[in-house]
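Below, each chain spelled out in residue letters.
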Amino acid sequence: MAAKVIVLTSGKGGVGKTTSAAAVAAGLALRGHRTVVIDFDVGLRNLDLIMGCERRVVFDFINVINGDAKLNQALIKDKRNDSLYVFPTSQTRDKDALKRDGVERVLDELKETFDYIVCDSPAGIEHGAITALYFADEAIIVTNPEVSSVRDSDRIIGILASKSRRAENNMDPVAIHLLLTRYSPERVERGEMLAIDDVKEILSIPLLGVIPESPSVLRASNTGTPVVFDPQSPAGQAYLDAVARLLGEEREMRFLKPERRNFFRSLFGRA
Amino acid sequence: MGLLDFLFPERRNTAVVARDRLKIVMAHERASRDAPDFLPALQKDLLDVVGRYIEIRGDMLRVNVGRSGETSLLEINVELDGAKIKPVKNGSAGEAKPKPKPAPRPDPGSHPPWVKPG
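Not measured: the values here are computed from a predicted model.

Brief notes about the side chain of Asn144(A)
Residues and elements named next belong to chain A.
Okay, step 1: Tracing the sequence through the fold places Asn144 in the loop between strand 6 (138–143) and helix 7 (147–163).
Okay, step 2: A polar atom in the side chain of Asn144 sits 2.8 Å from the side chain of Thr181.
Okay, step 3: Apart from residues no more than four positions distant in its own chain, Asn144 is found in contact with Gly14, Val15, Ser149, Val150, Leu180, Thr181 and Arg182.

Focus on the sheet that holds strand 2 (residues 35–39) of chain A
All names here are of chain A.
Okay, step 1: The strand order across the open sheet built from eight strands is 3-4-2-5-1-6-7-8, with neighbouring strands paired in mixed fashion. Of all the strands in the sheet, the pair left with one neighbour each is strand 3 (76–77) and strand 8 (207–212).
Okay, step 2: Bridging between strand 3 and strand 4 (residues 84–87) involves two bridges; their strand directions are antiparallel. By the bridge assignment, Lys77 is partnered in strand 4 with Tyr85.

A look at the interface of chain B and chain A
Okay, step 1: Chain B puts 14 residues into the contact, and the matching count from chain A is 15 residues.
Okay, step 2: Both sides together, the interface formed by chain B and chain A hides about 1,300 Å², and carbon and sulfur atoms give 54% of it.
Okay, step 3: Sorting the residues of chain B by area buried against chain A places Leu22(B), Met26(B) and Arg33(B) first, and these three jointly supply 35% of that buried surface.
Okay, step 4: Where chain B packs against chain A, one counts four salt bridges.
Okay, step 5: A salt bridge links Lys23(B) to Glu201(A); its shortest N-O distance comes to 3.0 Å.

Quick notes on the rules
Residues numbered from 1 in each chain as written. Chains lettered and ligands numbered in written order. Predicted model: local features only at pLDDT ≥ 70, side-chain atom pairs only at ≥ 80, totals over all residues. Heavy atoms only, no water. Helix = DSSP H or I, 4+ residues; strand = E, 2+ residues; numbered from the N terminus. Polar contact = N/O pair within 3.5 Å; in protein donor to acceptor, adjacent residues only side chain to side chain. Contact = heavy atoms within 4.5 Å. Pairing = 2+ DSSP bridges. Buried area = accessible area lost by both parts, 1.4 Å probe. Salt bridge = Lys/Arg side-chain N within 4 Å of Asp/Glu carboxyl O.

Rendered as structure tokens:
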């Protein structure tokens, strides 16, 4: 199988790109695919924290691009899953250090070893974000059911269609998927939040998954564990469903109905 | 406001408001997404020139950049339905003058009276 480059992007910040990149990469690894997740957010490194490997970072993406370190010196093997690797970015260098030809060289080298290369894009539509999406074969648009996030997602979809490598070389277009995160069925039912169908209709891209708003996501980031490793978490299960769909399987959407509050569950405060 | 209104305020379905606002703003943005930055200025200049000959409103002249196969197209549409040809005296549309003075570029916001800004 040819390696696939998947970018998680959104335009807007704070919608859950890094959480989703960690979850999707870990989910692919749990399905037995050799997967590396790369942090493209130069200067604002955070994927290492979410993946729980912040104390193991020695060399980074920029070191490898500049030839100061070898790829296998910079890749961090996940302690929970043998198929999963983290490729951290630089905390100090300026964002322009991400040169396109250097990135291409590193991606080509990664393609020899890995089935999936998951790219965690920075927010915005500047150099870093464009570089992250440029080489993508597939794109996961992380969107919150909220007006500014939906609008920014539409902007990023337009950029993918015109500025990606596939667009520039008249290849098959980047396969674009919608991942709706922080979805709250209760608030949708009360008419306070955009419903799935609204967002789907406005963005008109296929839906990969809906991740319910869940306290387990913050718990996962507190401990540096991708949320798919928490078997109790509805969000984790929703991410695993999304990964299955990414792999071409049919999965029914779950967690779309308001949860009936269970007295004992609310008493013990666990969601 | 009555006591009942105070106790049970009618909750507006704000999600519907959000959806409708997004649809409108995004339809507009998608149309102009790939347009070059100079299009609004070009449209204004064209409006000034055409406005010297024909009474025209801002919304009757549209400028678009499109693509047809390998060719880029600069598309200028001037709607004349209901427009009036202006009398000759008022502009350079008339007979050649010895030294036609270039029309002064009106500063923004001072369109000729027959031009309503877009």
